[in-house]
Amino acid sequence: MKKTITMSALALAISFGAISCKKKVSDAELQTQATTIVTATPTATVEVKEGVAHLGGTFATQAEKDAAVKSLKEIKGVKDVHDMATVEVAPPPPPPVETASAVDPMVQQKVQDAVKDFPSVKVEVVKGELTLTGNVSSAQARKIKESVDALKVGKYNNNLVVKN
């Protein structure tokens with residue numbers, strides 16, 4: 001019986017020793033696993049010291065950064081993650097494009113006065129250019145062109161539809 005108790009005690013001591021001597025994961029092994037996680041983000045870095053992962057660098061979004069931290073915490077053997085990484089600040093949106101008319105209102109008024117005898121003709125500014133639209137006869141189209149050309153307003157779009 002004494003022999004059985006001694007053997008049991010010895011077996012118990014060995015099992016406790018085996019449990020407490022659990023293999024510790026080295027920082028080099030942890031570094032390899034951690035580096036694999038952050039390789040998707042070339043501007044991010046990670047360094048493992050004494051089982052603690054130190055995350056640095058820059059991430060494009062907060063979601064990417066959070067995912068990296070979560071993945072690092074899931075590595076067996078990582079005790080903690082120190083998050084020192086930053087998120088890129090998005091550049092401000094470009095200012096709205098001014099759509100001010102490139103046509104002088106006085107020029108537009110002169111052209112409207114020149115075509116006032118032709119009620120079907122509209123004088124508009126389309127995409128920053130003076131534009132004539134409407135339905136006219138060929139004789140009216142000729143008179144309108146001569147009148148507007150005489151004003152020397154420069155380039156304009158003649159989008160009149162000539163009906164015979």
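Residues numbered from 1 in each chain as written. Predicted model: local features only at pLDDT ≥ 70, side-chain atom pairs only at ≥ 80, totals over all residues. Heavy atoms only, no water.

- Looking at an unreviewed UniProt entry, the protein chain carries the name BON domain-containing protein, with the source organism given as Chryseobacterium turcicum.

**A short note on the sheet that holds strand β7 (residues 157-162)**
Piece 1. Here three strands make up an open sheet; going across it, the order is β5-β6-β7 and the pairing mixed. At either end of the open sheet lies a strand with only one pairing partner, and these are β5 (122-126) and β7. The average angle at which neighbouring strand axes cross in this sheet is 20°, direction not considered.
Piece 2. Alignment of β5 against strand β6 (residues 129-136), held across five bridges, turns out to be antiparallel. (Pairing = 2+ DSSP bridges. Helix = DSSP H or I, 4+ residues; strand = E, 2+ residues; numbered from the N terminus. Axes fitted to C-alpha atoms, helices over the stretch in contact; angles between N-to-C directions.)

**Thoughts on unusual backbone geometry**
Piece 1. Although it is not a glycine, Glu50 sits at a positive phi angle of roughly 50°.
Piece 2. Relative to the assigned elements, Glu50 resides in the loop between β1 (44-49) and β2 (52-59).
Piece 3. Overall, Glu50 belongs to the exposed group, its relative accessible area being 66%.
Piece 4. Not every positive phi belongs to a glycine, and Lys152 is a case in point at roughly 50°.
Piece 5. Of the residues examined, Lys152 reaches a relative accessible area of 73% and is grouped as exposed. (Buried < 20%, exposed > 50% of the residue type's maximum accessible area, 1.4 Å probe, protein only.)

**A word on the environment of Val153**
Piece 1. Considering the arrangement of structural elements, one finds Val153 in the loop between α5 (138-150) and β7.
Piece 2. Once the C-alpha coordinates of Val153 and Leu130 are considered, the two residues, 23 residues apart in sequence, prove to be 9.2 Å apart.
Piece 3. Look past the residues within four positions of Val153 in its chain and what remains in contact with it is Val107, Val111, Leu130 and Val148. (Contact = heavy atoms within 4.5 Å.)

**Regarding the nonpolar core**
Piece 1. Val46, Leu55 and Leu72 are the most contacted members of the largest nonpolar core, which totals 16 residues.
Piece 2. Residue assignment for this core shows that the elements contributing at least two residues are α2 (27-38), β1, β2 and α3 (62-73).
Piece 3. Apart from the residues within four sequence positions on either side, Val46 is in contact with Gln31, Ala34, Thr35, Val38, Ala53, His54, Leu55 and Leu72.
Piece 4. Of all hydrophobic cores here, the second largest spans 14 residues; its members include Val115, Val121, Ala141 and Ile144. (Core = buried A, V, L, I, M, F, W, Y, C linked by side-chain atoms within 4.5 Å.)

**Remarks on the pattern of salt bridges**
Piece 1. In this structure the tally under the stated criterion is five salt bridges.
Piece 2. Here Glu47 ties to Lys49 by a salt bridge, and the two come within 3.6 Å at their closest N and O atoms.
Piece 3. Look at Lys49 and you get partly exposed, because its relative accessible area is 46%.
Piece 4. Where Asp83 meets Lys65, a salt bridge forms, and the shortest distance between an N and an O atom there is 3.4 Å. (Salt bridge = Lys/Arg side-chain N within 4 Å of Asp/Glu carboxyl O.)

**A word on α3**
Piece 1. With twelve residues, α3 extends 17 Å between its outermost C-alpha atoms, agreeing within 8% with the 16 Å of an ideal straight helix rising 1.5 Å per residue.
Piece 2. Those residues of α3 not exposed but buried are Lys65, Ala68, Val69 and Leu72. Taken end-on, α3 shows its buried residues confined to a sector of 100°, consistent with a single buried face. Exposed residues lying more than 90 degrees from the buried face of α3 are Ala63 and Lys70. (Expected span 1.5 Å × (residues − 1). Arc of directions from axis to C-beta.)

**Things to note about the pairing of β6**
Piece 1. What sits between β5 and β6 in their antiparallel hairpin is a turn of two residues, with Lys127 showing a positive phi close to 50°.
Piece 2. Alignment of β6 against β7, held across six bridges, turns out to be parallel. Looking at the pairing, Val136 lines up with Val162 of β7.

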